[in-house]
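Listed below, chain by chain, are the residues.
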Amino acid sequence: MNSLLRATRGPQRQLLCAAKSYHIAVVGSGPSALYALKYMLPTTKAPGLATSVTVFEELPTPFGLVRSGVAPDHEDVKNVQNDFTHTIETSPVPVTFRGSTKVGGAELSELKAAYDAVILAHGCGSGSKLDLPGSPAANVVSSIDVVRWYNGHPYASESSPLPVVEGRPLEVVIVGTGNVSIDIARVLLKGDLLTPSDVTTGALADLKARTSAGVRVRILNRRGLAQSAFTIKEIRELIKLQAPAAFTFTVTEEDVELGLNPASEEELRESRPKKRIVDLLRKEVVMPEAEVEALAAAGDRSLAIDYLYSPCAVSADDEGNIKSLTIERQSLSGEAGSQRATGTGETKEVPCDLLIFSTGYKGEPLKGLEDHFSGGCYVHSRGHIKDNVYCTGWIKRGATGIVGSNIADARETVATIKERLEGMAAKAQPTVRYGEGVSWEGWKKIEEYEATHGLRCPEQPREKVTDIERLEKISRTRNIILPN
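Computed from a predicted model, the values in this text were never measured in an experiment.

### Some details on the overall build of the protein
Of the regular secondary structure elements, the protein holds 17 helices and 21 strands. Relative to the compact-globule value of 23 Å for 484 residues, the protein shows a C-alpha radius of gyration of 24 Å, a close match. The dimensions of the protein, computed from C-alpha atoms along their principal axes, are 70 × 60 × 45 Å. The buried share among the 484 residues of the protein stands at 54%. Of all intrachain contacts in the protein linking residues separated by at least 6 positions in sequence, the fraction that spans at least 24 positions is 78%. Accessible surface computed for the protein: about 21800 Å², of which carbon and sulfur atoms make up 50%. Side-chain charges in the protein split into 57 positive and 62 negative, and the spacing between the mean points of these groups amounts to 8 Å.

Structural data, given as structure tokens:
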């Protein structure tokens, strides 16, 4: 059947058919794309929008950030891949997967002409970095560089982002307190505990070798504890991990109290989730500064979150590698919900071998849509950009939220498409062709290969192939040879 998938239909399942249905193209195959696909299909409760769907993906593999962004030790989150697979493989209308197919400006024009609607769900593929004095120094990276490294993304640098230090703990500073920052800190501190996860074997070996003398992670937040962007689930996981991973997790009382001004207290009264985070950290990890310093001096594995501090300058050694970071104490001002952090002039220097900016991802527009793009995402009206082009996911709302945040986005965009196409004649079956690509059957061969080859322990769910040419070769292999 090549990459065309048809559902098996049973007599017990009576689907509602729309008076008219349409040919839809989706650019991208991450959560936002596949939730949009789900809500286009007919069900027993509602007629569908699509009579066929073609999913175009730049990489040979589907699932976007679920595969290459979710932390390797969060297999429970990655299990949403099973739901997406079920949606595709049981679709009552034809769904075509076109992996290794990059859509640019010229291709977009073809898709617009061939399909009734084109949904852009290509996400945000570059990381943000602050422009600090001295920041061109080596070992100053974006969080996307680290996440791609431990997740085996084909676009990851061939070299490890972790520098080699001799005879002492690796000093890491992460700027930003979102869930990605917490993920990175946790991965750096877990070491051998990552063995059963799907972190690539090469990345795990690098991690263990380069943190063999220890690792000290410092996370900076320019605002206060009440303004932290991480979720309580991530913090609970870190607290429970301290003993198994043999590290300390601390926040100073001074940082907490300075940030809890009247406006922050009002924010906490209005947000129960934020209040729970503050209460949990106060109970488990907040302590006087003298105790924090004593623990840091006594151990070689630690995590500290410094609130009301912002990086202001990088210092490099004679070889151009970062050696320290100057940070400035901040103060909060403004009304609840819109407080701003401003520098106080009080600074201190902290050791730093690796500086990671975890201050968000940003997207880029496809060629021809530059005039409909601002602030890292498309300018749209309920998901409609222009003509028959729509958007969903991060490239629609910005790089915020978790996997499930894409559900509301997808529903809104699909509803908008239905409204705009109502009464319009459907186009003929699309005949767009973009070379060989990787079919869904090809992806299933890759999936099988990764689940059965090169595993370092029985619990490891997969050993990801990181080379695009090798992925494409596996997808074209007639039979996958299984190990004995």
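### Considerations on the confidence of the model for the protein
Confidence along the protein averages 90 in pLDDT terms, with 93% of residues attaining 70 or more. The secondary structure element of the protein with the lowest average pLDDT is strand E1 (residues 4-5), at 40, and the one with the highest is strand E8 (residues 170-175), at 98. Taken as a whole, residues 1-13 scores under 50 in pLDDT and shows 30 contacts with residues more than four places along the chain or in a different chain.

### Observations regarding the pairing of strand E3 (residues 50-56)
Within a regular strand, the side chains alternate between the two sheet faces. Counting buried residues in E3 gives six out of seven residues, a clear majority hidden from the surface. Alignment of E3 against strand E4 (residues 95-98), held across four bridges, turns out to be parallel. By the bridge assignment for E4, Thr 54 is matched with Thr 96.

### Things to note about the side chain of Gln 242
Position of Gln 242 among the secondary structure elements: in helix H9 (residues 232-245). Taking the relative accessible area as the measure of exposure, Gln 242 reaches 19% and is therefore buried. Within polar-contact distance, the side chain of Gln 242 engages the backbone oxygen of Ile 239 at 3.4 Å. The residues contacting Gln 242, other than those within four sequence positions of it, are Phe 247, Thr 248 and Phe 249.

### Quick word on the pairing of strand E2 (residues 22-27)
Along E2, six of the six residues are buried, which leaves the element largely enclosed by surrounding structure. In terms of strand pairing, E2 meets E3 through six bridges, oriented parallel. Directly across from Ile 24, in E3, lies its bridge partner Val 53. Pairing of E2 with strand E5 (residues 117-120) involves four bridges; the strand directions are parallel. Bridging across to E5, Val 27 finds its partner in Leu 120.

### Details of the environment of Thr 452
Along the chain, the position of Thr 452 falls in helix H16 (residues 440-452). Spatially, the C-alpha atom of Thr 452 lies 8.1 Å from that of Glu 463, the residues being eleven residues apart in sequence. Polar contacts involving the side chain of Thr 452 include one to the main-chain carbonyl oxygen of Glu 448, which spans 2.8 Å. Separated by 2.9 Å, the side chains of Thr 452 and His 453 make a polar contact.

### Comments concerning the sheet that holds strand E12 (residues 301-307)
The strand order across the open sheet formed by seven strands is E7-E16-E8-E9-E12-E10-E11, and the pairing between neighbours is parallel. Only two strands of the sheet have a single neighbouring strand rather than two, namely strand E7 (140-142) and strand E11 (286-287). Here E8 runs beside strand E16 (residues 354-357); their pairing, made up of four bridges, is parallel. In the sheet register, Val 173 faces E16, and the bridge partner there is Leu 355. Contacts between helix H7 (residues 179-190) and the sheet are confined to E8, strand E9 (215-221), E12 and E16, with E9 contributing the most and set at about 170 degrees to the helix. Sheet strands touched by H9: strand E10 (248-252) and E12. Its angle to E10, the strand with the most contacts, is close to 130 degrees.

### Remarks on the packing of aromatic side chains
What describes a pair of aromatic rings is the distance from one ring centre to the other and the angle between the planes of the rings. Per the counting criterion, the structure on display carries nine aromatic pairs. For the ring pair Tyr 35 and Phe 84, a centre distance of 5.0 Å and an interplane angle of 80 degrees mean the geometry is edge-to-face. Here Phe 84 lies in helix H4 (residues 80-89) and Tyr 35 lies in helix H1 (residues 31-40), a separation of 49 residues in the sequence. Joined through ring pairs, the aromatic side chains of Tyr 35, Phe 63, Phe 84, Phe 97, Trp 440 and Trp 443 make up one cluster.

### Thoughts on helix H11 (residues 262-270)
Taken together, the buried positions of H11 are Ala 263, Ser 264, Glu 267 and Leu 268. Each buried residue of H11 sits inside an arc of 145 degrees when the element is viewed along its axis, so together they form one side. Pointing more than 90 degrees away from the buried face of H11 are the exposed residues Pro 262, Arg 269 and Glu 270. Where H11 is buried, its residues touch helix H10 (253-259), helix H12 (272-284) and strand E14 (322-333).

About the thresholds
Residues numbered from 1 in each chain as written. Predicted model: local features only at pLDDT ≥ 70, side-chain atom pairs only at ≥ 80, totals over all residues. Heavy atoms only, no water. Helix = DSSP H or I, 4+ residues; strand = E, 2+ residues; numbered from the N terminus. Rg over C-alpha atoms; globule rule 2.2 N^0.38 Å. Buried < 20%, exposed > 50% of the residue type's maximum accessible area, 1.4 Å probe, protein only. Contact = heavy atoms within 4.5 Å. Areas by Shrake-Rupley, 256 points an atom, 1.4 Å probe, with all protein chains shown as cover. Lys, Arg positive; Asp, Glu negative; His and termini not counted. Charge placed at Lys NZ, Arg CZ, Asp CG, Glu CD. pLDDT = per-residue confidence, 0-100. Pairing = 2+ DSSP bridges. Polar contact = N/O pair within 3.5 Å; in protein donor to acceptor, adjacent residues only side chain to side chain. Axes fitted to C-alpha atoms, helices over the stretch in contact; angles between N-to-C directions. Phe/Tyr/Trp six-rings, centres within 6.5 Å; stacked < 30°, edge-to-face > 60°. Arc of directions from axis to C-beta.

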